[in-house]
Amino acid sequence: MKTMTMYRPSTIQNALSDFDRCFESFFGDSVLAPAARVFNKLPAVDVRETENAYVMDVELPGYDEKNIEVNVDGNNLSIASKQEDNNEGKKEDGNHGTYVLRERRINTFNRSFKLPENADPEAVSAVFKNGVLSLEIKKRPEAQKRAIQISVN
């Protein structure tokens, strides 16, 4: 089975993840799990394979479809937010008021995935509904399963 892989450049976060995995084997749970949940600003992604396509569901609560960008470049698929927090450090004018406490933020992100060889980069469709971006990446016709007719002589 061909698989879709996430592109992960070498970063400090990846080094910490490697360090954390060492402790998982001894303690059975991630030492950095609470911190990972707080600092992980990447949206969660589920990938399913059907007979004719790969389907990705990306959790994007609080985002608007106008602020999400999906690009395919060769065999690389990237999902990014274009939204910026324009109110950072600014006073609100009019009836909106000034923030006294602000915990909700929309963060920018960029996730990239390497498509499997049997995926068709020209046949990608996207639907955004209820804070979930669903991408369908069709498989190439030659990679799809097909039935062969057996003739009787």
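Residues numbered from 1 in each chain as written. Predicted model: local features only at pLDDT ≥ 70, side-chain atom pairs only at ≥ 80, totals over all residues. Heavy atoms only, no water.

Participant: Got a sec to walk through unusual backbone geometry? Specific residues and values, please.
Facilitator: With a phi close to 55°, Asn130 is a non-glycine residue in the positive phi region. Turning to its location among the elements, Asn130 is positioned in the loop between strand S7 (119-129) and strand S8 (132-139). (Helix = DSSP H or I, 4+ residues; strand = E, 2+ residues; numbered from the N terminus.)

Participant: Which residues make up the packing of aromatic side chains, and what are the values?
Facilitator: Given two aromatic rings, one states the distance between the centres and the angle between the planes to describe the pair. On inspection of all chains with the given rule, the structure shows one aromatic pair. Geometrically, the ring pair formed by Tyr63 and Phe109 is edge-to-face, given 5.6 Å between the ring centres and 90° between the ring planes. One end of the pair, Tyr63, is in the loop between strand S3 (53-59) and strand S4 (68-73); the other, Phe109, is in the loop between strand S5 (76-81) and strand S6 (110-114), and 46 residues separate them in sequence. A relative accessible area of 15% places Tyr63 in the buried class. The cationic tip of Lys139 hangs over the ring face of Tyr54; the distance from NZ or CZ to the ring centre is 5.2 Å. (Phe/Tyr/Trp six-rings, centres within 6.5 Å; stacked < 30°, edge-to-face > 60°. Buried < 20%, exposed > 50% of the residue type's maximum accessible area, 1.4 Å probe, protein only. Lys NZ or Arg CZ within 6 Å of the ring centre and 35° of its normal.)

Participant: Please give an account of the sheet that holds S7 that cites residues and values.
Facilitator: With antiparallel pairing, four strands are arranged side by side in an open sheet as S2-S3-S8-S7. Every interior strand has two partners, whereas the edge strands, strand S2 (45-49) and S7, have only one. Strand-to-strand twist in this sheet, taken as the mean axis angle between neighbours without regard to direction, amounts to 15°. Bridge count between S3 and S8: seven bridges; the pairing is antiparallel. Of the residues in S8, the one forming a bridge with Met56 is Leu135. (Pairing = 2+ DSSP bridges. Axes fitted to C-alpha atoms, helices over the stretch in contact; angles between N-to-C directions.)

Participant: Tell me what's going on with the pattern of salt bridges, and back it up with residues and numbers.
Facilitator: Counting across every chain of the model gives four salt bridges. For Lys66, the salt bridge goes to Asp64, with nearest N and O atoms at 3.7 Å. By relative accessible area, Lys66 is classed as exposed at 58%. Under the relative-accessibility criterion, Asp64 is labelled partly exposed at 27%. The partner of Glu136 in a salt bridge is Lys138, with the nearest N and O atoms 3.5 Å apart. Of the residues examined, Glu136 reaches a relative accessible area of 30% and is grouped as partly exposed. (Salt bridge = Lys/Arg side-chain N within 4 Å of Asp/Glu carboxyl O.)

Nothing here speaks to function; it is all geometry.
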